[in-house]
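# Chains, contacts and geometry: an overview
Here's the letter readout for the chains.
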Amino acid sequence: MKKFSVVIAGGGSTFTPGIIMMLIENYDRFPIRKLKLYDNDKERQEIIAKASEILIKENKPEIEFSYTTDPQEAFTDVDFVMAHIRVGKYAMRELDEKIPLKYGVVGQETCGPGGIAYGMRSIGPVIELIDYMEKYSPNAWLLNYSNPAAIVAEATRRLRPNSKILNICDMPIGIETRMAKILGLNSRKELDVMYYGLNHFGWWTEIRDKEGNDLMPKLKSHVEKYGYVVEGGDSQHVDPSWNDTFLKARDVYKTDPDTLPNTYLKYYLFPDYVVQHSNKEYTRANEVMDGREKYVFETCKKVIEQGSTKGIHVEIDEHASYIVDLATAIAYNTKEKMLLIVPNNGAIINFDPTAMVEIPCIVEKTGPRPLVIGEIPRFQKGLMEQQVAVEKLVVDAWIEKSYHKLWQAITLSKTVPSATVAKQILDELLEANRGYWPELK
Ligand SMILES: NC(=O)c1ccc[n+]([C@@H]2O[C@H](COP(=O)([O-])OP(=O)(O)OC[C@H]3O[C@@H](n4cnc5c(N)ncnc54)[C@H](O)[C@@H]3O)[C@@H](O)[C@H]2O)c1
Ligand SMILES: O=P(O)(O)OC[C@H]1O[C@H](O[C@H]2[C@H](O)[C@@H](O)[C@@H](O)O[C@@H]2CO)[C@H](O)[C@@H](O)[C@@H]1O
Ligand SMILES: [Mn+2]
């Protein structure tokens, strides 16, 4: 059996140790000969990397492990690049969230003005990853889950249309895991779903078991009362803000009881509620810095100090095994049905063929084959047209270095009440992002 060489770009990510444990756990179906970490922050990555080295030595010593900030070393001799970079790290995420909130607008990592600011920071560095990969390992695939995935995907469609990049999001996977719990099933893999939308902006239209039985009625009656809140929850969403997001799906669902919604639609359909329930001084970025980031880095430091994981629990991010599903679909032509962010190209008949949509695809050796969705209703079509225009305007703004296009993008976001407010937010984001965004004219 062929063994693969993998580089994780964004090696210093809080998700890296859990993903490495997951890769070790899934070694039998996805054998790895070489695993490299790559980051542009040497100090941050070193802590994660030194602990990872110990994890690998203890669990799969046959994997050759290394870490680097040198692109040539990182991208030479690789089959898959798994990318989860956060350009500007949590310090910039905090500003993305807090600046819009000052003006009474949703402050969120990927939705609204914060997501737009993050998109303007991420386009260049993700394109850079593609270029490194193509220069040093032209046959490799880039599996990207760096955010904001919608804007990044539109940028890669336009700027690197022939590159081997697949954009994927774990939000539907997380929600489907909850759906399986609601239904009393062991795994989301027992579900057969149809879904359409944009990234962080979509709807399930069908959920069946493998025998074809309709599971929507049971799910709807749960979501109507509790949203996606399930007994026991899950280990990744212990913070109150996540619970609120899963619960609010109850109201999002009411806007179209024919479908089941993605949780992040709450930012577009209930922005007033979201703002009222946000703390302007302490946002999700603060929660993550005080929670996940602190915990992951403290745990890694303990592992390094004692030179082993003895008595220290490093959780396997089994939820992230969708990345292995994707890699094996490409490597072994498994033809697994997966939700990916791909060019619409007629899959949604009554929608812009050039839009990047999130839809089920059969994933093969040569890449994804999107399934036909057909026509979508006016409500969803209207919302998606507005949002896709925002995403396209951001990419226009980045390519043309246009202040005006970026102002239009923020103005058009459903989360923003007027062009005046859009301009105020834009001007403050622009100052905060100097050095990250292209110089706008
Ligand atoms: N698509 C999804 O479903 C999904 C799910 C979870 C997280 N994410 C994304 O994964 C990313 C990582 O999240 P996190 O919370 O662990 O962030 P993090 O800040 O802990 O890690 C990101 C790492 O990327 C590095 N980095 C930044 N710019 C880089 C560049 N140009 N080249 C190389 N490395 C660079 C940083 O130094 C940092 O170590 C984010 O983009 C996040 O939004 C996506
Ligand atoms: O606020 P964060 O950093 O905790 O999460 C932001 C990310 O939220 C989604 O990912 C979730 C996913 O939905 C869930 O199932 C589980 O795996 O945890 C992930 C991280 O909490 C979203 O899909 C990402 O794009 C966001 O970055
Ligand atoms: Mn996502």
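Taking an unreviewed UniProt entry as the reference, the chain is identified by name as Maltose-6'-phosphate glucosidase belonging to Anaerobranca gottschalkii DSM 13577. Under the heading Subunit (unreviewed entry), UniProt records this for the chain: "Homotetramer." Taken directly from UniProt, the Sequence similarities (unreviewed entry) text for the chain runs: "Belongs to the glycosyl hydrolase 4 family."

Taken together, 26 residues form the shell around ligand 1, and within it Ser-13, Asp-39, Tyr-90, Tyr-118 and Asp-170 come nearest. Here an oxygen atom of ligand 1 and a side-chain polar atom of Tyr-90 are 2.4 Å apart. Within the side chain of Glu-109, an N or O atom sits 2.8 Å from an oxygen atom of ligand 1. Put simply, the parts of the chain that give the shell around ligand 1 at least two residues each are helix 4 (89-102) and helix 5 (112-136).

Looking now at the coordination of the manganese ion (ligand 3). In this structure, Cys-169 (SG) and His-200 (NE2) serve as the protein donors to the manganese ion (ligand 3), at separations of 2.2 to 2.4 Å. Of this pair, Cys-169 sits in the loop between strand 6 (165-167) and helix 7 (171-183) while His-200 sits in the loop between strand 7 (191-198) and strand 8 (201-209), and the two are 31 residues apart along the sequence.

Another point: the nonpolar core. Counting residues in hydrophobic clusters, the biggest one holds 100 residues, and the most contacted among them are Leu-23, Phe-30, Leu-35, Phe-80, Ile-207 and Leu-260. Considering each element in turn, this core owes the most residues, eight residues, to helix 13 (residues 322-332). By size, the runner-up hydrophobic cluster in this structure holds 27 residues, among which are Val-105, Ile-123, Ile-151 and Ala-422.

Ordered in space as 7-8-9, the three strands form an open sheet in which the pairing is antiparallel. The sheet terminates laterally at strand 7 and strand 9 (260-261), the two strands that pair on one side only. Bridge count between strand 7 and strand 8: eight bridges; the pairing is antiparallel. Bridge pairing in strand 8 places Met-194 opposite Glu-206. The sheet contacts of helix 8 (residues 216-226) involve strand 8 and strand 9, and relative to strand 8 the element is tilted by about 130°.

Scanning all chains against the criterion turns up 16 aromatic pairs. The interplanar angle of 70° and the centroid separation of 5.9 Å between the aromatic rings of Phe-4 and Tyr-332 together place this pair among those described as edge-to-face. Here Tyr-332 lies in helix 13 and Phe-4 lies in strand 1 (residues 4-9), a separation of 328 residues in the sequence. Given the relative accessible area of 31%, Tyr-332 is considered partly exposed. Ring plane angle 70° and centroid distance 4.6 Å describe the contact between Tyr-195 and Trp-204, whose orientation is recorded as edge-to-face. Members of the aromatic cluster, connected to one another through ring pairs, are Phe-4, Phe-30, Phe-80 and Tyr-332. For Arg-121, the ring lying beneath its charged end belongs to Tyr-436, and the centroid distance is 6.0 Å.

Our focus in this paragraph is unusual backbone geometry. Omega for the bond connecting Asn-147 with Pro-148 falls within 30 degrees of zero, at -10°, which places this linkage in the cis form. Positionally, Pro-148 belongs in the loop between strand 5 (141-144) and helix 6 (149-159). For Asn-345, which is not a glycine, the phi torsion comes out positive at approximately 50°. Relative to the assigned elements, Asn-345 resides in the loop between strand 10 (336-343) and strand 11 (356-364). Using a relative accessible area of 64% as the deciding quantity, one classes Asn-345 as exposed. For Lys-401, which is not glycine, the phi torsion reads 55° and is therefore positive.

Turning our attention to the side chain of Ser-146. Here Ser-146 is to be found in the loop between strand 5 and helix 6. Here Ala-83 takes part through its backbone oxygen, which lies 3.2 Å from a polar atom of the side chain of Ser-146. For Ser-146, the side chain forms a polar contact with the side chain of Asn-144, separated by 2.9 Å.

On to the UniProt feature "binding site: substrate" (unreviewed entry) in the chain. Listed under "binding site: substrate" (unreviewed entry) in the UniProt record, and renumbered for this structure, are Arg-93, Asn-147 and Arg-284. Of note, Arg-93 is situated in helix 4. The exposure class assigned to Arg-93 is buried, which follows from its relative accessible area of 7%. Filtering out sequence-adjacent residues up to four positions away, Arg-93 remains in contact with Arg-86, Glu-109, Arg-121, Arg-284, Ala-285 and Val-288. Examined against the element boundaries, Arg-284 turns out to sit in helix 12 (residues 284-306). Accessibility expressed as a relative area gives 17% for Arg-284, which makes it buried.

About the thresholds
Residues numbered from 1 in each chain as written. Chains lettered and ligands numbered in written order. Predicted model: local features only at pLDDT ≥ 70, side-chain atom pairs only at ≥ 80, totals over all residues. Heavy atoms only, no water. UniProt positions renumbered as here; feature names shortened; annotations may be inferred. Near = heavy atom within 4 Å. Polar contact = N/O pair within 3.5 Å; in protein donor to acceptor, adjacent residues only side chain to side chain. Helix = DSSP H or I, 4+ residues; strand = E, 2+ residues; numbered from the N terminus. Donors = N, O, S within 2.8 Å, 3.2 Å for Na, K, Ca; no water. Core = buried A, V, L, I, M, F, W, Y, C linked by side-chain atoms within 4.5 Å. Buried < 20%, exposed > 50% of the residue type's maximum accessible area, 1.4 Å probe, protein only. Pairing = 2+ DSSP bridges. Contact = heavy atoms within 4.5 Å. Axes fitted to C-alpha atoms, helices over the stretch in contact; angles between N-to-C directions. Phe/Tyr/Trp six-rings, centres within 6.5 Å; stacked < 30°, edge-to-face > 60°. Lys NZ or Arg CZ within 6 Å of the ring centre and 35° of its normal.

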